[in-house]
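Listed here are the chains, written in short residue letters.
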Amino acid sequence: MDLFGTAGIRGSARERVTPELALAVGRAVGRDADEVVVGRDGRTTGPALAAAVEAGLLSAGATVRRVGVVPTPALASASRGRRGVMLTASHNPPTDNGIKLFVNGVEYDREAERRIDRRVEADEPSAAWDEWADSSHVDPLPDYRESVVAYAETLGAPADDLRVAVDCGNGMSAVGTPQVLRDLGASVVTLNANVDGHFPGRESKPTPESLADLRAFVADGDFDLGVGHDGDADRIVIVDGTGEVIHEDTVVAILAERYVRTAEAADPVVVTTPNASARIDERVRAAGGRVERVRLGALHEGIARVRREGGEDTAVVFAAEPWKHVHTRFGGWIDGICSAAVLSRLVAESGLSALREPVTERPYRKVSVSCPDDAKSAVMADLTTSLPEAFPEAEVDTDHGVRLELPDSSWVLVRPSGTEPYVRVYAESDEVDELIDAATDVVESVVAAN
């Protein structure tokens, strides 16, 4: 069985993430737990799935605390000291739903997911009848919002004169980001700020296209920045005062540099993913830190690894992949609401243009090369030697695909798709067309030879 992708279990609520599956996952999680918090986003299929998860947990002997409709970061925060189950498909369409699992504020790692996978496949029975547990309702949202405000106030400057437009996309940020930013003193105008599982205002995934209304609204108004979220409020997109979407890696670079510069540790580390831009490495190095990379969807595993392998002078001060940020001093989960709060304080202090100015933004491209699934392993093995031979001046990292960083900080990443019959080629360079063409030629020749 292979239930888990890069962000929990996700798919059609009628064909994949069904009440039957939710019941089985709940029972599998409950075997490890004394107490579990269960929350959901605003999707129409959420109540049925939450009820099924709760039944599974209770029948395994785990006490359930129902938190209702909340952002994923609030559920993750509430899972500290216990386990958590969040029913959400994040930015997927309204026909989908999903299951994300947490323990002590951190997503399940691969081994924990495999354990759940094995139990679901084995269809293990419930606990003895007299060991079944009970449930009750708790409301973690007020405490979560207060904690985000208190944390953001440790960074940047008061946001009293800041004007922010927030597009909640009919998702869960509607009960988080506007309230937090107003508590920080900002003047906030919202779009699509009612929670609606049909996502009538726009598609849940925040992209330059889906945020067209926000971009036009910000450009026509007098705003310092715009904020767009996905359905469960773990992703964030930033729009400047002209309506331009700020590149997601530039946002990561801004936050990473600030966290490194203000770190108390002698060895401050930023964890990111192989597809993240070298602009992040540049700003982190300039601030006196270093970057460690981990596979997509596994920031929590990368944080744990650095903490395990580092000495007493090492600290993970920030972790991020595009659009998703872990503010490690605040918590171990991805949190778009916290990002909105922190960025608002930084913009209030310096202005968005000044924050962006030191970041080198090079052209970026991605190409997909057809490759049969059964040939991917052999192709990637050959590319670990053929790509470095084609780019002898590059520094090579083969932990997660093949990543080449050139002396001018241009970079290429080649990795197999986990879901489609392709090998992906990413490149960022002032001469991006020439660089990606050269790398793609190597990849195509290796695929043809296999």
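Computed from a predicted structure; not experimentally measured.

### Focus: the overall build of the protein
- A count of helical and extended segments in the protein gives 14 helices and 20 strands.
- Here the C-alpha atoms of the protein give a radius of gyration of 22 Å, agreeing with the 22 Å that 2.2 N^0.38 yields for 450 residues.
- The dimensions of the protein, computed from C-alpha atoms along their principal axes, are 65 × 60 × 45 Å.
- Considering only contacts in the protein between residues 6 or more positions apart, those separated by 24 or more positions represent 70%.
- Entry remark: accessible area of the protein is about 18000 Å², with carbon and sulfur atoms responsible for 46%.
- Treating the 47 positive side-chain charges of the protein as one cloud and the 76 negative ones as another, the clouds have centres 3 Å apart.

### What to know about helix 8 (residues 248-261)
- With 14 residues, helix 8 extends 20 Å between its outermost C-alpha atoms, agreeing within 8% with the 20 Å of an ideal straight helix rising 1.5 Å per residue.
- Turning to helix 8, its buried residues number three or more, namely Glu248, Asp249, Thr250, Val251, Val252, Ala253, Ile254, Leu255, Ala256, Glu257, Tyr259 and Val260.

### Here's the deal with the pattern of salt bridges
- Applying the stated rule across the entire model yields 32 salt bridges.
- When the shortest N-O distance is used, the salt bridge between aspartate 32 and arginine 115 registers 3.2 Å. Here aspartate 32 is found in the loop between helix 1 (19-30) and strand 2 (35-40), whereas its partner arginine 115 is found in helix 4 (residues 110-122), with 83 residues between them in sequence.
- We classify aspartate 32 as partly exposed; its relative accessible area is 27%.
- The network of salt bridges with shared partners includes Asp240, Glu244, Arg279, Arg356, Glu361 and Glu428.

### Focus on the environment of aspartate 224
- Among the secondary structure elements, aspartate 224 is positioned in the loop between helix 7 (212-220) and strand 10 (225-229).
- The spacing of aspartate 224 and valine 347 is 123 residues in sequence and 7.9 Å in space, taken between C-alpha atoms.
- Not counting chain neighbours up to four residues away, the residues in contact with aspartate 224 comprise Asp161, Leu162, Arg163, Gly241, Val347 and Leu352.
- From its side chain, aspartate 224 meets the backbone nitrogen of arginine 163 in a polar contact 2.8 Å long.

### Comments concerning the packing of helix 8 against helix 11 (residues 336-350)
- Across the interface, helix 8 lies against helix 11 with an axial gap of 12 Å and an inter-helix angle of 80 degrees. The orientation of helix 8 relative to helix 11 falls into the category roughly perpendicular. Contacts between helix 8 and helix 11 pair Val251, Leu255, Arg258 and Tyr259 from the former with Val342, Leu343, Leu346, Glu349 and Ser350 from the latter.
- Residues that form the contact of helix 8 with helix 11 fall into these classes: six nonpolar, one polar and two charged.

### Examining the side chain of asparagine 275
- For asparagine 275, the location among the structural elements is in the loop between strand 12 (267-272) and helix 9 (278-286).
- Here threonine 273 takes part through its side chain, which lies 2.7 Å from a polar atom of the side chain of asparagine 275.
- With residues near it in sequence (within four places) discarded, asparagine 275 still touches Asp249, Leu296, Pro322, Trp411, Leu413 and Tyr426.

### Quick word on the side chain of threonine 250
- Counting through the fold element by element, threonine 250 comes out in helix 8.
- Separated by 2.5 Å, the side chains of threonine 250 and glutamate 361 make a polar contact.
- Not counting chain neighbours up to four residues away, the residues in contact with threonine 250 comprise Arg279, Arg356, Val359 and Glu361.

### Brief notes about the packing of aromatic side chains
- Applying the stated criterion to the full structure yields five aromatic pairs.
- Between the aromatic rings of phenylalanine 217 and phenylalanine 223, the centroid separation amounts to 5.3 Å while the plane-to-plane angle is 40 degrees, which identifies the pairing as tilted.
- Between tyrosine 364 and tryptophan 411 the ring centres are 6.2 Å apart and the planes differ by 45 degrees, which places this aromatic pair in the tilted class. In this pair, tyrosine 364 sits in strand 16 (residues 364-370) while tryptophan 411 sits in strand 19 (residues 411-416), placing the two residues 47 residues apart along the sequence.
- With relative accessibility at 0%, the residue tryptophan 411 sits in the buried group.
- Counting every residue linked through ring pairs, the aromatic cluster contains Tyr151, Phe330 and Trp333.
- Arginine 403 extends its terminal NZ or CZ atom over the ring of tryptophan 411, reaching a point 4.6 Å from the ring centre.

### Let's talk about the pairing of strand 9 (residues 187-191)
- Across five bridges, strand 8 (residues 163-167) lies against strand 9 in parallel orientation. Opposite aspartate 167, over in strand 9, you have leucine 191 as the bridge partner.
- Following the chain from strand 8 across helix 6 (residues 177-183) to the adjacent parallel strand 9, one finds a crossover that is right-handed.

### Some points on the UniProt feature "domain: Alpha-D-phosphohexomutase alpha/beta/alpha" (unreviewed entry) in the protein
- In this structure's numbering, the residues bearing the UniProt feature "domain: Alpha-D-phosphohexomutase alpha/beta/alpha" (unreviewed entry) are residues 2-124, 143-243 and 248-354.
- As annotated, residues 2-124 comprises 37% helix and 26% strand, and the C-alpha atoms at either end are separated by 17 Å.
- In residues 143-243, helix accounts for 26% and strand for 19%; the two terminal C-alpha atoms are 33 Å from one another.

### Some points on the environment of proline 94
- Among the structural elements, proline 94 can be located in the loop between strand 4 (83-87) and strand 5 (96-103).
- The exposure class assigned to proline 94 is partly exposed, which follows from its relative accessible area of 34%.
- Not counting chain neighbours up to four residues away, the residues in contact with proline 94 comprise Arg43, Gly197, His198 and Phe199.

### A look at the pairing of strand 12
- With five of six residues buried, strand 12 lies mostly within the body of the structure.
- Pairing analysis gives four bridges linking strand 12 to strand 13 (residues 290-293), with the strands arranged parallel. Bridge assignment links valine 269 to a residue of strand 13, and that residue is arginine 290.
- Handedness of the β-α-β unit built from strand 12, helix 9 and strand 13 comes out right-handed.

### What to know about the sheet that holds strand 16
- Here five strands make up an open sheet; going across it, the order is 16-20-19-18-17 and the pairing antiparallel. Each edge of the open sheet carries a strand with a single partner, namely strand 16 and strand 17 (395-397). Strand-to-strand twist across the sheet, computed as the mean angle between neighbouring axes with direction ignored, equals 15 degrees.
- Alignment of strand 17 against strand 18 (residues 402-405), held across three bridges, turns out to be antiparallel. By the bridge assignment for strand 18, valine 396 is matched with leucine 404.
- Here helix 9 sits on the sheet in contact with strand 18, strand 19 and strand 20 (422-428), set at roughly 55 degrees to strand 18.
- Those strands touched by helix 14 (residues 432-449) are strand 16, strand 19 and strand 20, and its axis lies near 15 degrees from that of strand 16.

Parameters and conventions
- Residues numbered from 1 in each chain as written.
- Predicted model: local features only at pLDDT ≥ 70, side-chain atom pairs only at ≥ 80, totals over all residues.
- Heavy atoms only, no water.
- Helix = DSSP H or I, 4+ residues; strand = E, 2+ residues; numbered from the N terminus.
- Rg over C-alpha atoms; globule rule 2.2 N^0.38 Å.
- Contact = heavy atoms within 4.5 Å.
- Areas by Shrake-Rupley, 256 points an atom, 1.4 Å probe, with all protein chains shown as cover.
- Lys, Arg positive; Asp, Glu negative; His and termini not counted.
- Charge placed at Lys NZ, Arg CZ, Asp CG, Glu CD.
- Expected span 1.5 Å × (residues − 1).
- Buried < 20%, exposed > 50% of the residue type's maximum accessible area, 1.4 Å probe, protein only.
- Salt bridge = Lys/Arg side-chain N within 4 Å of Asp/Glu carboxyl O.
- Polar contact = N/O pair within 3.5 Å; in protein donor to acceptor, adjacent residues only side chain to side chain.
- Axes fitted to C-alpha atoms, helices over the stretch in contact; angles between N-to-C directions.
- Parallel < 35°, antiparallel > 145°, perpendicular 65-115°, else oblique.
- Nonpolar A, V, L, I, M, F, W, Y, C, P; charged D, E, K, R; others polar.
- Phe/Tyr/Trp six-rings, centres within 6.5 Å; stacked < 30°, edge-to-face > 60°.
- Lys NZ or Arg CZ within 6 Å of the ring centre and 35° of its normal.
- Pairing = 2+ DSSP bridges.
- Right-handed = clockwise from strand over helix to strand, strands pointing away.
- UniProt positions renumbered as here; feature names shortened; annotations may be inferred.

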